[in-house]
Structures are given as structure tokens and as C-alpha cells.
Amino acid sequence: AAQPFTPASGRPPHEPTPILPTFPPPRRWRFARCRRSAGFADRRGTCVATARAGWRGLAAGVLEATIFALGAPAAELHAWIGPTISQAAVEGGAEVRAAFAARLPGSDECFAANERGRFQADLYGLARRVLQAAGVFSVHGGGWCTHDDAGRFFSFRRDGVTGRQATLAWLA
């Protein structure tokens, strides 16, 4: 299993994270289905980044690695969580719950057991807890379900085919 990223470990996160500090052109990050995107900017407007992570990347420290790479104090950052699949539409096994329980106190509140003995995971709730644990308290976005909102989002789980969404971030 991947170990969580910590600045002291020097280990890269499980999934790649694009770091885009201070470049004027817009930056784009494409994502699919249940993978959420997150955007970051500092309060002074001097840096911006986007990150994408599924549950494995979230558990492995993709968001923390992005925060660290920006070089700005976490308390000075704003974060935005993009569209993802809702808790009602995504389930995982005990290994998903265990990956978060091992590193994120209180994460058990983001899981609900279902009748199949698996867990419905609140990916928005997990991302917010990860960000808060990292010291980012200005967190926005969330609440869109890529599975349930066919008018706005692609979903392989829903349709059996998919397209791609994109997150854009830039300094203005």
C-alpha cells in the first residue's frame, strides 16, 4: 500500500499532481467520473495549482503534496473541490475505509455501511477533512454528483461510456 506523503518523507504522492505556480496562462486538468479535482490559490494571488485524485491518491497524500509544493502557508490558501461522485453513488470495500482510518482521525464518519457489506464513501467529506488536517480552512465547492447530474457531467458508472471534464485555474 502507498504510504501517505509527508514533506519530511520526500516520497511523491501516489498519483501525479501538477503544480502551477505564478504562470499567467490558464492551466487545465482533465478528470473522469469519481475522481475529484481541487484548485488552490493563495490569498495574495501569487500562486495557483490544480490537483486530481481518486480515493487512492487522496489517501496517499496528493492534496498535501500539492499544498507543500506551492510553498505558501496552508492557512493562507483557498481550496476549491470540484465535481465528484456522491456518497450515495459510490461504494468501496473495507480497504478503502481502512486507508483513511489509518491516517485521518474521524474519517469513519465519511463512510456508511450498505446492505452488501461494503461502504458508501463521502469523497467530498474526506477531501474536506484532509484539507483541514493540512491546515487549509478556506474550502469551497463540492455538492455536485457526477453520477446523478447527467445534464452536466459524464459518468461511466451511469452510462457505460464517458468523456472528460476539465478544471481551469489561472491568476487574474
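Here, every reference points to the structure presented above.
Fair warning: this is a prediction, and the values are worked out from it, not measured in the lab.

Engineer: Looking at this structure, I do not really get the nonpolar core. What am I missing?
Structural biologist: Within soluble globular proteins, side chains that are nonpolar tend to cluster in buried spots. Phe40, Leu63, Phe100, Phe111, Leu126, Leu131 and Val136 are the most contacted members of the largest nonpolar core, which totals 36 residues. For this core, the secondary structure elements donating two or more residues are β2 (36-42), β3 (48-53), α1 (55-60), α2 (62-70), β4 (77-81), α3 (94-101), β7 (119-121) and α4 (123-133). Tallying contributions element by element places α4 first for this core, with six residues. If near-sequence neighbours (up to four positions away) are discounted, Phe100 is found in contact with Trp55, Leu58, Ala59, Ser107, Phe111 and Leu126.

Engineer: What is the right way to read the pattern of salt bridges from this model?
Structural biologist: Close approach of charged atoms allows side chains of opposite charge to pair. For the structure on display, the rule yields eight salt bridges. Asp42 serves as the salt-bridge partner of Arg44, at 3.4 Å between the closest nitrogen and oxygen. A salt bridge links Arg152 to Asp149, with the shortest nitrogen-to-oxygen separation between them at 3.0 Å. Three or more residues joined by partner-sharing salt bridges are found here, namely Glu91, Glu115, Arg116 and Arg118.

Engineer: What should I look at first to understand the sheet that holds strand β6 (residues 111-113) in this one?
Structural biologist: Sheet strands line up and pair through hydrogen bonds in the backbone, either parallel or antiparallel. Strand order in this open sheet of three strands is β5-β7-β6, and the pairing throughout is antiparallel. Every interior strand has two partners, whereas the edge strands, β5 (91-92) and β6, have only one. Lying on the sheet, α3 is in contact with β5, β6 and β7; it crosses β6 at an angle near 145 degrees.

Engineer: Would you mind showing me how to read the packing of aromatic side chains here?
Structural biologist: Two measures describe an aromatic ring pair: the distance that separates the ring centres and the angle between the ring planes. Within the structure shown, the criterion is met by three aromatic pairs. Ring geometry for Phe100 and Phe111: centres 6.2 Å apart, planes at 45 degrees, overall tilted. You can see Phe100 sitting in helix α3 and its partner Phe111 sitting in strand β6, a full eleven residues away along the chain. For Phe111, a relative accessible area of 10% corresponds to the buried category. Geometrically, the ring pair formed by Phe111 and Phe119 is edge-to-face, given 6.4 Å between the ring centres and 90 degrees between the ring planes. For Phe119, a relative accessible area of 14% puts it in the buried group. One aromatic cluster is present, built from ring pairs that chain together Phe100, Phe111 and Phe119.

Engineer: Any chance you could explain the side chain of Ser155 here in plain terms?
Structural biologist: For Ser155, the location among the structural elements is in the loop between β8 (138-141) and α5 (156-159). Of the residues examined, Ser155 reaches a relative accessible area of 1% and is grouped as buried. For Ser155, the side chain forms a polar contact with the main-chain nitrogen of Arg157, separated by 3.5 Å. In terms of polar contacts, Ser155 uses its side chain to reach the backbone amide nitrogen of Arg158, at 3.1 Å.

Engineer: Where do I start with the packing of α2 against α4 in this structure?
Structural biologist: Each pair of packed helices gets described by two things: the angle between the helix axes and the distance between those axes. As a packed pair, α2 and α4 sit with axes 9 Å apart at the nearest point and diverge in direction by 40 degrees. For the crossing formed where α2 meets α4, the hand is right-handed. Where α2 approaches α4, its residues Leu63, Glu64 and Ile67 are matched on the opposing element by Ala127, Val130 and Leu131. Here the contact of α2 with α4 is composed, by residue class, of five nonpolar, no polar and one charged.

Engineer: Is there a simple way to explain α2 in this structure?
Structural biologist: One turn of an α-helix holds 3.6 residues; hence residues three or four places apart share an orientation. Taking burial as the measure, the nine residues of α2 include seven buried ones, the bulk of the element. Every buried residue of α2 is accounted for by Val62, Leu63, Glu64, Ala65, Thr66, Ile67 and Leu70. Just downstream of α2, Gly71 is the residue with a positive phi angle, here 80 degrees.

How each quantity is defined
- Residues take numbers from 1 onward in each chain, read along the sequence in its written order.
- Only residues with pLDDT of at least 70 get local features here, since the model is predicted, and only at 80 or more are side-chain atom pairs given and counted; chain-wide, interface and lining totals rely on the full set of residues.
- Hydrogen atoms and water are omitted, and side-chain values are computed over all heavy atoms in the structure.
- By convention a nonpolar core is built from buried Ala, Val, Leu, Ile, Met, Phe, Trp, Tyr and Cys residues, the set being connected through side-chain atoms within 4.5 Å.
- Whether a residue is buried, partly exposed or exposed follows from its accessible area with a 1.4 Å probe, protein chains only, as a fraction of its type maximum: under 20%, in between, or over 50%, in that order.
- Helix and strand labels come from DSSP, where a helix needs a run of H or I of at least four residues and a strand needs a run of E of at least two; each type is numbered from the N terminus.
- Residues count as neighbours in contact if any of their non-hydrogen atoms are within 4.5 Å of one another.
- What makes a salt bridge here is a side-chain nitrogen of Lys or Arg within 4 Å of a carboxyl oxygen of Asp or Glu, nothing more.
- Here a strand pair is declared whenever DSSP counts at least two bridges between the two strands.
- Lines are fitted to the C-alpha atoms to define the axes, a helix being fitted only along its stretch in contact, and any angle between axes, read from their N-to-C directions, falls within 0 to 180 degrees.
- Under the pairing criterion, centres of Phe, Tyr and Trp rings, with the six-membered ring standing for Trp, must be within 6.5 Å; the plane angle then separates stacked pairs below 30 degrees from edge-to-face pairs above 60, leaving the rest tilted.
- Polar contacts, as used here, are pairs of N or O atoms within 3.5 Å; protein pairs need one atom able to donate a hydrogen and one able to accept it. Residues neighboring in sequence count only if both atoms are side-chain atoms.
- Each crossing is labelled by how the near helix is turned from the far one, with a counterclockwise turn of less than a right angle marking it left-handed and a clockwise turn marking it right-handed.
- Note on residue categories: nonpolar means Ala, Val, Leu, Ile, Met, Phe, Trp, Tyr, Cys or Pro, charged means Asp, Glu, Lys or Arg, and polar means any other residue, Gly included.

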